[in-house]
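Spelled out, the chains give:
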Amino acid sequence: MRYVDEYRDPQIAHALAGKVAATATKPWVLMEVCGGQTHTLMRYGIGDLLPPGIELVHGPGCPVCVTPLELIDQAIRIAGLPNVTFTSYGDMLRVPGSHSDLFAARANGADVRVVYSPMDALKIARDNPHRKVVFFGVGFETTAPANAMAVWQARREGLTNFSMLVSHVLVPPAMRLILESPANRVQGFIGPGHVCTIMGFREYDELAREFHVPVVVGGFEPLDLLEAISMLVSQLEEGRAEVENQYSRSVDYQGNIGAQKIMREVFTVSDRKWRGIGEIAASGLVLRDEFAAHDAERVFNLAPLSVKEPAECISALVLLGQKKPADCAAFGKRCTPMTPLGAPMVSAEGACAAWYQYKRHV
Ligand code: SF4
């Protein structure tokens, strides 16, 4: 197939859904790890095509959703400092911190700018040598290489006015946490295609073996996801727990070796707090000491914060596949995209936003 509409062909979609129905002899709970996959599943009503026993639950793969509340508050504090230009991808601006968001900081006079890549932020730093330019480096393994490259380049150019507020998280430790939970319901994973484009899929072998759970790396188009679901159901029905690759047009076993190299050069693995979920061991990336001069947390040396999540928001349970957005009492009432209580209602990859946009009637 060459064109995107070929990945949305209704006849093939129905044939794949029919294959799932013919294969499944019992109910199965499957999780799509990535928020981009959640939005495709919702937008195209793929859950409605499947037999009733196949339940899809949503995973933690929404970087905006898992960025800790404290870090949003720190971002707002840094943005409000004199002589600072704070840069970020657009969807981070609307994510609520404990009292406010970056949009409000901008309205109050802070120099907060939307950029489309960390290299845009680097250019702002180059063009404004007397301002301290900070980039909000958020995301999973997918965005880590570009962010690493920006920091590496800043050091190479001696751009001492550029720093990054890092909130990078890693997928496999979160999948492990889900599988280790006594409340876990997930029996098979649609693996995160974009993350695997960078990292390959060898790191899922251990999870599949240890927890006897199948993982199929999936793409982001409707047929990608239906094929991944069909592959998962076949494995489950046959009692297999293997790592398979549906998204072979982008992903191979080893991943992008060059991207992994720059990540390793600039970042090191650390424990990381996930919004709502709490600390997960070895689940994040921080800048290595050699790059301390570009680490916003060290440059601005702000006192640590400890803040409480809104009690009403059950986003952690949504991100762990234990609840659906509609199970939240605030969904569509006190929490909407215009009045979000939690990050999953804001992000373009958030499960609550997907339900609000495509399943508001539930
Ligand atoms: S609907 Fe809003 S309050 Fe409820 S879990 Fe989602 S983001 Fe949190």
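Look above for the structure.
Here the structure is a predicted model, which is why all the values come from computation and not from measurement. (Residues numbered from 1 in each chain as written. Predicted model: local features only at pLDDT ≥ 70, side-chain atom pairs only at ≥ 80, totals over all residues. Heavy atoms only, no water.)

Asks: Summarise empty space enclosed by the protein; cite the residues concerned and give the values.
Replies: Counted by the stated rule, this structure contains 1 cavity of 30 Å³ or more. Residue classes in the lining of the largest cavity are distributed as 11 nonpolar, 2 polar and no charged. (1 Å grid on protein atoms, 1.4 Å probe; cavity = no way out; pocket = protein on both sides within 12 Å on 5 of 7 lines; lining within 4 Å. Points joined across faces, edges and corners; volume = space filled by probe spheres on them. Nonpolar A, V, L, I, M, F, W, Y, C, P; charged D, E, K, R; others polar.)

Asks: Got a sec to walk through the site of the ligand? Specific residues and values, please.
Replies: All residues adjacent to the ligand are Cys313, Ile314, Ser315, Cys328, Phe331, Cys335, Leu341, Gly342, Pro344, Met345 and Cys352. Counting atoms within 2 Å of the grid points, the majority share of the ligand lands in the largest cavity. For the shell around the ligand, a count of residues per class yields 9 nonpolar, 2 polar and no charged. (Near = heavy atom within 4 Å. Sits in = over half its atoms within 2 Å of the grid points.)

Asks: Please set out the state of the cysteines residue by residue, giving values where relevant.
Replies: Tallied over the entire structure, the rule returns 1 disulfide. Across the disulfide, Cys62 is cross-linked to Cys65 (sulfur-sulfur distance 2.1 Å). Judged by the sign of its S-S torsion, about 70 degrees, the cystine formed by Cys62 and Cys65 is right-handed. One exposure class covers both Cys62 and Cys65, and it is buried. (Disulfide = S-S within 2.5 Å. Buried < 20%, exposed > 50% of the residue type's maximum accessible area, 1.4 Å probe, protein only.)

Asks: Tell me about the sheet that holds strand S10 (residues 267–274), and name the residues and values.
Replies: Consider a sheet: its strands pair through backbone hydrogen bonds, and that pairing is either parallel or antiparallel. Taking strand neighbours across the sheet as the criterion, the 6 strands line up as S4-S3-S5-S6-S11-S10 in an open arrangement whose pairing is mixed. In this open sheet, the two edge strands, each paired with only one partner strand, are strand S4 (111–114) and S10. Strand-to-strand twist in this sheet, taken as the mean axis angle between neighbours without regard to direction, amounts to 25 degrees. When strand S3 (residues 84–88) meets S4, the two strands line up parallel, connected through 4 bridges. Paired with Phe86 across the strands is Val112, a residue of S4. Against the sheet, helix H9 (residues 171–180) contacts strand S6 (162–169), S10 and strand S11 (278–287), and its axis sits at roughly 175 degrees relative to S11. (Pairing = 2+ DSSP bridges. Helix = DSSP H or I, 4+ residues; strand = E, 2+ residues; numbered from the N terminus. Axes fitted to C-alpha atoms, helices over the stretch in contact; angles between N-to-C directions. Contact = heavy atoms within 4.5 Å.)

Asks: Report on the pairing of strand S8 (residues 215–218), specifying residues and quantitative values.
Replies: Residues Val215 and Val217 of S8 are buried on one face, and the alternating residues Val216 and Gly218, pointing to the opposite face, are buried as well. The sheet contact formed by S8 and strand S9 (residues 243–245) spans 3 bridges and is parallel. Looking at the pairing, Val215 lines up with Val243 of S9. In terms of handedness, the path from S8 via helix H12 (residues 222–238) over to S9 forms a crossover that is left-handed. (Right-handed = clockwise from strand over helix to strand, strands pointing away.)

Asks: If you had to explain the side chain of Arg272 to someone new, which residues and values would you point to?
Replies: Following the sequence through the fold, Arg272 ends up in strand S10. The side chain of Arg272 sits in the buried core without any salt bridge; Glu297 is the nearest counter-charge, 4.7 Å away. Leaving out residues up to four positions away in the same chain, Arg272 has contacts with Val166, Ser167, His168, Val169, Gly278, Glu279, Ile280, Ser283, Gly284, Leu285 and Val286. (Lys, Arg positive; Asp, Glu negative; His and termini not counted. Salt bridge = Lys/Arg side-chain N within 4 Å of Asp/Glu carboxyl O.)

Asks: Report on the packing of aromatic side chains, specifying residues and quantitative values.
Replies: A full pass over the atoms with the stated rule returns 6 aromatic pairs. The interplanar angle of 90 degrees and the centroid separation of 5.5 Å between the aromatic rings of Tyr89 and Phe135 together place this pair among those described as edge-to-face. With Tyr89 in the loop between S3 and helix H6 (102–107) and Phe135 in strand S5 (residues 132–139), the pair connects residues that are 46 residues apart, well separated along the chain. For Phe135, a relative accessible area of 0% translates into the label buried. Ring centres of Phe220 and Tyr247 lie 5.9 Å apart, and the angle between their planes is 70 degrees; this geometry places the pair in the edge-to-face category. With Phe220 in the loop between S8 and H12 and Tyr247 in the loop between S9 and helix H13 (257–266), this pair connects stretches of sequence that are 27 residues apart. The class of Tyr247 is buried, set by a relative accessible area of 9%. Above the ring of Phe291, the side-chain terminus of Arg155 is found at 4.4 Å from the ring centroid. (Phe/Tyr/Trp six-rings, centres within 6.5 Å; stacked < 30°, edge-to-face > 60°. Lys NZ or Arg CZ within 6 Å of the ring centre and 35° of its normal.)

Asks: Give me the lowdown on the sheet that holds S9, citing residues and values where you can.
Replies: Read across the open sheet, the 5 strands follow the order S2-S1-S7-S8-S9; overall the sheet is parallel. Only two strands of the sheet have a single neighbouring strand rather than two, namely strand S2 (54–61) and S9. Looking at each pair of strands side by side, their axes are set apart by 25 degrees on average, direction ignored. Examined bridge by bridge, strand S7 (residues 188–192) and S8 share 4 bridges and lie parallel to one another. If you follow Pro192 over to S8, its bridge partner there is Gly218.

Asks: Describe in detail the environment of Asp73, supporting the description with residues and values.
Replies: One can find Asp73 in helix H5 (residues 69–79). In the structure, Asp73 is positioned 29 residues away from Leu102 in sequence and 8.8 Å away in space, judged by C-alpha atoms. If we skip the residues at most four places from it in the chain, Asp73 touches Gly97, Ser98, His99, Leu305 and Val307.

Asks: Please set out unusual backbone geometry residue by residue, giving values where relevant.
Replies: Of note in this structure, Asn83 is not a glycine but carries a positive phi near 70 degrees. Looking at the element boundaries, Asn83 is found in the loop between H5 and S3.

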